[in-house]
Amino acid sequence: MKSVAIKQKMHRAIDIIEDEDFLKAVHIILNTKSKEYEFELNEEEKSELDALRKQHKSGKTKSYTVAEVRKHAYSKLKK
């Protein structure tokens, strides 16, 4: 189904549904979808991140911007 058709159906549903019921429905949908992105790190993962942070702060590791990574990748492709 094309996005235009979906939007039209949504507008019709919004016009029909009472304000309070509409807000409840949106809340349920958003709450359900947001739970798909929830996660927790276990203790081993937390320890590893802490160790990596210490290495980075002490200068033993370096970070790169996305632009730097792209520039390096593109230079390797051209060779």
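Residues numbered from 1 in each chain as written. Predicted model: local features only at pLDDT ≥ 70, side-chain atom pairs only at ≥ 80, totals over all residues. Heavy atoms only, no water.

Asks: Looking at this model, I keep getting lost on the pattern of salt bridges. Mind explaining?
Replies: Following the criterion strictly, the structure yields three salt bridges and no others. Of the charged contacts in the structure, one is a salt bridge between Glu43 and Lys46, with a shortest N-O distance of 3.7 Å. Of this pair, Glu43 and Lys46 are both found in helix α3 (residues 43-57), three residues apart, which corresponds to roughly one turn of the helix. Among the ionic pairs, Arg53 bridges to Asp50, the shortest N-O distance being 3.2 Å. Of this pair, Arg53 and Asp50 are both found in helix α3, three residues apart, which corresponds to roughly one turn of the helix. The exposure class assigned to Arg53 is partly exposed, which follows from its relative accessible area of 47%. Exposure remark for Asp50: the relative accessible area of 39% places this residue in the partly exposed category. (Salt bridge = Lys/Arg side-chain N within 4 Å of Asp/Glu carboxyl O. Helix = DSSP H or I, 4+ residues; strand = E, 2+ residues; numbered from the N terminus. Buried < 20%, exposed > 50% of the residue type's maximum accessible area, 1.4 Å probe, protein only.)

Asks: Is there a simple way to explain the confidence of the model for the protein in this structure?
Replies: Do not read the fine detail of predicted coordinates wherever pLDDT is low. This prediction gives the protein a mean pLDDT of 87; 99% of its residues lie at or above 70. The least confident element of the protein is helix α2 (residues 19-35), whose mean pLDDT is 83; the most confident is α3, at 94. (pLDDT = per-residue confidence, 0-100.)

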